[in-house]
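Inside the fold
Given next are the chains, with one letter for each unit.
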Amino acid sequence: MEMISEMLSYPFLVRALVGGLMVSLCASLLGVSLVLKRYSMIGDGLSHVSFGALSIALALGWSPLKVSIPVVVLAAFFLLRITENGQVKSDAAIAMISASALAIGIIVTSMTTGMTTDVSSYMFGSILAMSREDVIFSVILSAVVLAMYGLCYHKIFAVTFDESFAKATGVRVNAYNVVIAVLTAVTIVLGMRMMGAMLISSLIIFPALTSMRVFKSFRSVTISSAALSLICFLIGMVASYQLSTPAGASVVVVNLLAFLLFGAWQSLGKLRS
């Protein structure tokens, strides 16, 4: 408890904890649908798009957050459009956009500011990067995501598992896909401040995959994923503070350990049965 009190005495750590918890919650909830729909790598692709956008914003002296959010949202729309039309497979589309955006970001960075502290923090994450504005955005975002899951749970379930059936029952599948993509894009942009472009996709993938090792129903996986994401983030932050390791990397390692632990639990369950 003394260590927790000590951590909370630093304003930048309080911002990191609050903002990180909200982003982790959003990423885990959205991640369940994304993983089941085989869009799990969209986080990686959109994070690279965000890096390209912020590189241009920093070069021009603009606000990175205000530039990155609309650009990444447009990229999410574009990904949905080309995969819905069947022109390009989802994994190929994500890889194409990811590599292109990262290349543009690297070229712009090398030609202008160089690898500054700001750029490095977006690439690899920084516990100091979470601003008051980011925290406010993350709280609003988490409220929107929770409200969506609370009010539209059954429709999200239908869209996730069977889009054809959902359309037949009158669900506006395209609208829900767009909303999920937009919320994912905003989550990625906010999460990059702490986790970095290289690690942010782990917040989307790990909690869902870990929960699926033990739980089978969509509701159980969703609840477990949200709870697990929050717990892993807190443990990762405490470990980062205690061991002086990078916050984003520490959170990912804790998520990996949870995945292995749940896998062992699943194996024991199979042996007993």
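Residues numbered from 1 in each chain as written. Predicted model: local features only at pLDDT ≥ 70, side-chain atom pairs only at ≥ 80, totals over all residues. Heavy atoms only, no water.

Residues of the chain with pLDDT of at least 70 account for 91%, and the chain-wide mean is 83. Ranking the elements of the chain by mean pLDDT puts helix H6 (residues 117-124) last, at 64, and helix H12 (residues 218-243) first, at 92. (pLDDT = per-residue confidence, 0-100. Helix = DSSP H or I, 4+ residues; strand = E, 2+ residues; numbered from the N terminus.)

Per the UniProt entry, the sites bearing "transmembrane region" (unreviewed entry) are residues 12-36, 56-80, 92-115, 135-152, 173-191, 197-215, 222-241 and 247-265 in this numbering. Structurally, residues 56-80 comprises 88% helix and 0% strand, and the distance from its first C-alpha atom to its last is 24 Å. (UniProt positions renumbered as here; feature names shortened; annotations may be inferred.)

Right, let's get into the packing of aromatic side chains. Summed over all chains, the structure comprises eight aromatic pairs. A centroid spacing of 4.9 Å and a plane angle of 50° characterise the contact between Phe157 and Phe161, whose relative ring orientation is tilted. Separated by four residues within a single helix, Phe157 and Phe161 lie in helix H8 (residues 153-161), roughly one turn from each other. A relative accessible area of 47% means that Phe161 is categorised as partly exposed. An angle of 80° between the planes, with centres 5.6 Å apart, marks the rings of Phe161 and Phe218 as edge-to-face. (Phe/Tyr/Trp six-rings, centres within 6.5 Å; stacked < 30°, edge-to-face > 60°. Buried < 20%, exposed > 50% of the residue type's maximum accessible area, 1.4 Å probe, protein only.)

Quick look at the packing of helix H2 (residues 11-36) against helix H11 (residues 201-212) now. Two numbers describe how H2 lies on H11: the axes approach to 7 Å, and their chain directions differ by 65°. Between H2 and H11, the angle is such that the two are roughly perpendicular. Here H2 and H11 pass one another in a crossing that is right-handed. Along its contact with H2, which presents Val23, Ser24, Ala27, Ser28, Gly31, Val32, Leu34, Val35 and Leu36, the element H11 presents Leu203, Ile204, Ile205, Pro207, Ala208, Leu209 and Met212. A breakdown of the residues in the contact of H2 with H11 according to their chemical character gives 13 nonpolar, three polar and no charged. (Axes fitted to C-alpha atoms, helices over the stretch in contact; angles between N-to-C directions. Parallel < 35°, antiparallel > 145°, perpendicular 65-115°, else oblique. Left-handed = near helix turned anticlockwise from the far one by under 90°. Contact = heavy atoms within 4.5 Å. Nonpolar A, V, L, I, M, F, W, Y, C, P; charged D, E, K, R; others polar.)

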